[in-house]
Amino acid sequence: MQDVTEQPSALRWYYEGLAQNTYCAMKCHSCGGYTFPPTGCCEHCGSWEVEGTELSGKATLLFATHNISPACHPRFEKIAPYVYGHLVLQEGPVVQAIILGVEAKPDALRALFERGPVPAQAETLKMDDLPVIAFRIAG
């Protein structure tokens, strides 16, 4: 992966990647931790010795719930109601994201909860302004 410190910003690089269905983070040369979404330094140890890297997009959904109404931001009004949850990426970071493939209904959320942690795969939602990372329940 290229050295993103020479680009305009890690954030721009992240969104350009999302638009191409590529999920980007920073990997620290000092501690080996991943920072997601990417920033200029390591969120674990504070080192500036970081390098851009691609993530697998694989995650484990820990738990999920539905959104509040109305949507938290106008960009999400078109997809509301939706489910969002906390996931652990295969590479380690914990993220919050929209969950695809689950209805925002109590019975569907209960069934998901009873399944326990489930695998999920990242997808990019094309919104009117910026692309957004989401995860689809696998299997």
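Please refer to the structure higher up on the page.
As the structure is a prediction and not an experimental result, all values here were calculated from the model. (Residues numbered from 1 in each chain as written. Predicted model: local features only at pLDDT ≥ 70, side-chain atom pairs only at ≥ 80, totals over all residues. Heavy atoms only, no water.)

(A) View of the sheet that holds strand E7 (residues 118-125). If you trace the five strands once around the closed barrel, you get E4-E5-E6-E8-E7, paired in mixed fashion. Between one strand axis and the next, the sheet turns by 50° as a mean value, whatever way the strands run. Sheet topology note: the strand E4 (residues 58-66)/strand E5 (residues 83-89) ladder contains seven bridges and is antiparallel. Bridge pairing in E5 places Phe 63 opposite His 86. On top of the sheet, helix H2 (residues 106-115) reaches E4, E5, E7 and strand E8 (132-137); it is set at about 140° to E4, its chief contact. (Pairing = 2+ DSSP bridges. Helix = DSSP H or I, 4+ residues; strand = E, 2+ residues; numbered from the N terminus. Axes fitted to C-alpha atoms, helices over the stretch in contact; angles between N-to-C directions. Contact = heavy atoms within 4.5 Å.)

(B) Summary view of unusual backbone geometry. In this chain, Phe 36 is followed by Pro 37 through a cis amide linkage whose omega measures -5°. Counting through the fold element by element, Pro 37 comes out in the loop between strand E2 (34-35) and strand E3 (50-54). The backbone of Asn 21 shows a phi angle near 60°, a positive value even though the residue is not glycine. By the secondary structure assignment, Asn 21 is in the loop between helix H1 (10-19) and strand E1 (24-28). On the accessibility criterion, Asn 21 (45% relative accessible area) is partly exposed. (Buried < 20%, exposed > 50% of the residue type's maximum accessible area, 1.4 Å probe, protein only.)

(C) Region of interest: the pattern of salt bridges. Scanning the entire structure with this criterion turns up five salt bridges. Between Lys 78 and Asp 128 there is a salt bridge, with the nearest N and O atoms lying 2.7 Å from each other. Taken together, the residues Lys 78 in the loop between E4 and E5 and Asp 128 in the loop between E7 and E8 connect sequence positions 50 residues apart. By relative accessible area, which is 66% here, Asp 128 ends up exposed. (Salt bridge = Lys/Arg side-chain N within 4 Å of Asp/Glu carboxyl O.)

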